[in-house]
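Commentary on secondary and tertiary structure
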Amino acid sequence: MRIILLGPPGAGKGTQAVRIVERYGIPQLSTGDMLRAAVAAGTPIGLKAKAVMESGGLVSDEIVIGIVADRIEQPDARKGFILDGFPRTVAQAEALDRMLAEKGLKLDAVLEFKVDQSRLVGRIEKRAAETKARGEPVRKDDDPEVFKTRLAAYDRDTAVVAPYYRKRGLLVEIDGMRAIDEVTKAVLDALRASQRVDVEGGTH
Ligand code: AMP
């Protein structure tokens, strides 16, 4: 199964991805995690991405498309994957289409987490406090001011990605403001339904 999780920062994509990993045994491919690892390791990509990430902007399509292209070639991604935080622009979505088409693969579903943006800053402050309480370092871009820039980047560049998939009949909207377990139920129901459509449509 190949799925995409869409939604603004703080919408709960990462939290739900962990649960999908548990259920389906496919890896979560988070471009944010991959970029943070590159920054921590001081690789050439990390050096290019660091300042952009710290300011809350988007890393260039070229860099992000490159790391996803490499990652989906890894053996653990062969039976499927969850893309979390990618694609964030239409250019990235088009590049992903090309990558999958070359391999004769297709997407099963794109889940869009619908959230009330005015409540996200509070959520992100909670995430930062919980991370700190666990004694782990807090992400610099979870600072409230940087977070607002990330939300603006979402509205400017990423909000157009959902309509891209809606046109292809792949988009499922999930109410991301409910309790975590309720969101998980909606997510798993949507994924089961996407598999049924596939079987009925005879595309497997
Ligand atoms: P995330 O953990 O998904 O919130 O990503 C953290 C940061 O990494 C973002 O604010 C961007 O600077 C960068 N980033 C992650 N994924 C992408 C992407 N698909 N395109 C561009 N920048 C990205």
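Summarised in this report is the structure supplied together with it. (Residues numbered from 1 in each chain as written. Predicted model: local features only at pLDDT ≥ 70, side-chain atom pairs only at ≥ 80, totals over all residues. Heavy atoms only, no water.)

The buried count for strand β1 (residues 2-6) comes to five of five residues, which makes it a mostly enclosed element. Here β1 shows a buried face lined by Arg2, Ile4 and Leu6 and a second buried face lined by Ile3 and Leu5. With four bridges connecting them, β1 and strand β4 (residues 109-114) associate as parallel partners. Bridging across to β4, isoleucine 4 finds its partner in valine 110. (Buried < 20%, exposed > 50% of the residue type's maximum accessible area, 1.4 Å probe, protein only. Helix = DSSP H or I, 4+ residues; strand = E, 2+ residues; numbered from the N terminus. Pairing = 2+ DSSP bridges.)

The parallel open sheet is built from five strands, whose spatial order is β2-β3-β1-β4-β5. Whereas interior strands pair on both sides, the edge strands pair on one side only; in this sheet they are β2 (28-30) and β5 (171-175). Adjacent strand axes in the sheet meet at a mean angle of 25°, parallel and antiparallel pairs treated alike. (Axes fitted to C-alpha atoms, helices over the stretch in contact; angles between N-to-C directions.)

With that out of the way, let us pick up the nonpolar core. Among the nonpolar cores identified, the biggest contains 29 residues, and Ile4, Leu6, Leu35, Leu83, Leu96 and Tyr165 are the most heavily contacted of them. Listing elements by their share of this core, those giving two or more residues are β1, α3 (44-55), α4 (61-71), β3 (81-84), α5 (90-103) and α8 (161-167). Per-element accounting of this core gives the leading share, five residues, to α5. With sequence-adjacent residues up to four places away left out, leucine 96 is seen in contact with Ile4, Leu83, Phe86, Pro87, Leu107 and Tyr165. Core analysis: the second largest hydrophobic core is formed by 23 residues, Met1, Ile26, Ala109 and Ala190 among them. (Core = buried A, V, L, I, M, F, W, Y, C linked by side-chain atoms within 4.5 Å. Contact = heavy atoms within 4.5 Å.)

Rolled over the atoms, a probe with the dimensions of a water molecule shows which regions are left empty. Estimated volume of the second largest pocket: approximately 210 Å³. Those elements that place two or more of their residues in the lining of the second largest pocket are α2 (31-41) and α3. (1 Å grid on protein atoms, 1.4 Å probe; cavity = no way out; pocket = protein on both sides within 12 Å on 5 of 7 lines; lining within 4 Å. Points joined across faces, edges and corners; volume = space filled by probe spheres on them.)

Within β4, five of the six residues are buried, leaving the element largely enclosed by the surrounding structure. Sheet topology note: the β4/β5 ladder contains five bridges and is parallel. Bridge pairing in β5 places valine 110 opposite leucine 171.

What follows covers the environment of glycine 14. Counting through the fold element by element, glycine 14 comes out in helix α1 (residues 13-24). A relative accessible area of 28% places glycine 14 in the partly exposed class. Sequence-wise, glycine 14 and proline 75 are 61 residues apart; in three dimensions their C-alpha atoms are separated by 22 Å. In this structure glycine 14 touches Gln28 and Asp84, once residues within four positions along its chain are discounted.

Another point: empty space enclosed by the protein. Evaluation of the coordinates by the stated rule reveals one cavity of 30 Å³ or more. In terms of lining, the largest cavity is formed by Leu5, Leu6, Gly7, Pro8, Pro9, Lys13, Gly85, Pro87, Arg88, Tyr154 and Thr158. Broken down by secondary-structure element, the contributors of at least two residues to the lining of the largest cavity are β1 and α7 (144-158). Residues belonging to the lining of the largest cavity are distributed by class as follows: six nonpolar, three polar and two charged. (Nonpolar A, V, L, I, M, F, W, Y, C, P; charged D, E, K, R; others polar.)

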